[in-house]
Amino acid sequence: MASIGTTLREERIRLGLGIDQVEADTKIRAKYLMALEDERFEALPGTAYARAFLRDYAEQLGLDPQELVNRLNAVVGVDDDVVLAPRRAVAPGPILGRWQWVALGGAIVVVVALLAFAAYSVLGGGSGGTAAGAAIGGNAGTELARSSTSTEPPPQVASTRFAFRAGPGNTWLEVRKGSATGTVLYAHVLTAGSHIKLSGRKLWVTAGAPWNLSVKANGHPLAVPSKVRGHLLVTRSGVRAVA
C-alpha cells in the first residue's frame, strides 16, 4: 500500500493539478500541502490541523478521506492536547439601556410628526392642492400608459444545455459562467463514468485532464482539444482552447 504522501502526490499529478491550484481551491497554504505529501506532519500546526487538512485535501482529489485519516492516526496517534474553557454564566440584563429608550422615544416622535404632516398635505391642503394632485396623477397615468404600450420586452436568448462526462479516467473540472471571472457553477473532481449537466450561453472550463472529458451541447457531441491542458471556452458551436 502506498504511503499517505505518495497517494496524495500521485493522484494530484494524475489529475493534472498543481499545488497552487489545490491551494486556491482548498484555502490550505501550499507549504502545508507539501508537508502532507512529504509526510512531514511535525511541520503542521498540530495533529487536529493535520487531520483536517488531510481530509480536505483527500476530498478535493476524489480520494477516501476517512481511509487516509485512519492511516494518519496509526502514525501520529489519536490523542490531542485540547483545553476546553469552562462555560461562563451570563447574568440576565435589561433588553434596552436608558439612552436606548431615550433614542427610541425620539424616533417615535419624529415618525408621528412625519405621518401628521403627510396627512395634512393629502387631506387638508385645500382644493388647489387636490386639483394639482389630480392633474399630476392624471399626467403620470398617461405617461405610464404610453410607456407600457410603446416599450417591447427584449428578446430572450435560449440557453444551451451542456453535459460533461469523465472517462476513461477522472479529471479535475472547474466550470464558470461566461468568463474566467464568472460565477463558479462546478468545481470538483469528475470521476470516471460520472457526468454533470449545466445550462448557459458560454462556459469557461478548466480541465486537469481534458483527454478524459467529453462534452455535449443539446445532446450533440462537441470535439474537445484533448492535448491542450488548461482553459476551454465552451459554446453551442464548439469547444476551443483559450490562454
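Details of the structure are given in the entry above.
This one's a predicted model, so the numbers in the text were calculated from it and none came from an experiment.

Visitor: How would you sum up helix α1 (residues 4–14)? Please name residues and give values.
Guide: Taken residue by residue, α1 has I4, G5, T7, L8, E11 and R12 as its buried positions. Here the buried residues of α1 occupy an arc of 165° about the axis, which is enough to place them on one side. Turned more than 90 degrees off the buried face of α1, the exposed positions are E10 and I13. Packing partners of the buried residues in α1 comprise α2 (19–26), α3 (30–38), α4 (47–61) and α5 (65–76). Two residues or fewer after α1 comes G16, characterised by a positive phi angle close to 75°.

Visitor: I'd like a rundown of unusual backbone geometry, residues and numbers included.
Guide: For the peptide bond that leads from G167 to P168, omega is 5°, which places it in the cis range. As for its position among the elements, P168 is in the loop between β1 (160–166) and β2 (171–177). A positive phi is found at E39, a non-glycine position, where the angle reads about 60°. Counting through the fold element by element, E39 comes out in the loop between α3 and α4. With a phi close to 55°, N218 is a non-glycine residue in the positive phi region. In this fold, N218 is placed in the loop between β6 (213–217) and β7 (220–222).

Visitor: Please give an account of the environment of T6 that cites residues and values.
Guide: The topology assignment puts T6 in helix α1. We classify T6 as partly exposed; its relative accessible area is 28%. Distance from T6 to E37, taken between C-alpha atoms, is 6.4 Å for residues 31 residues apart in sequence.

Scoring rules and cut-offs
Residues numbered from 1 in each chain as written. Predicted model: local features only at pLDDT ≥ 70, side-chain atom pairs only at ≥ 80, totals over all residues. Heavy atoms only, no water. Buried < 20%, exposed > 50% of the residue type's maximum accessible area, 1.4 Å probe, protein only. Helix = DSSP H or I, 4+ residues; strand = E, 2+ residues; numbered from the N terminus. Arc of directions from axis to C-beta. Contact = heavy atoms within 4.5 Å.

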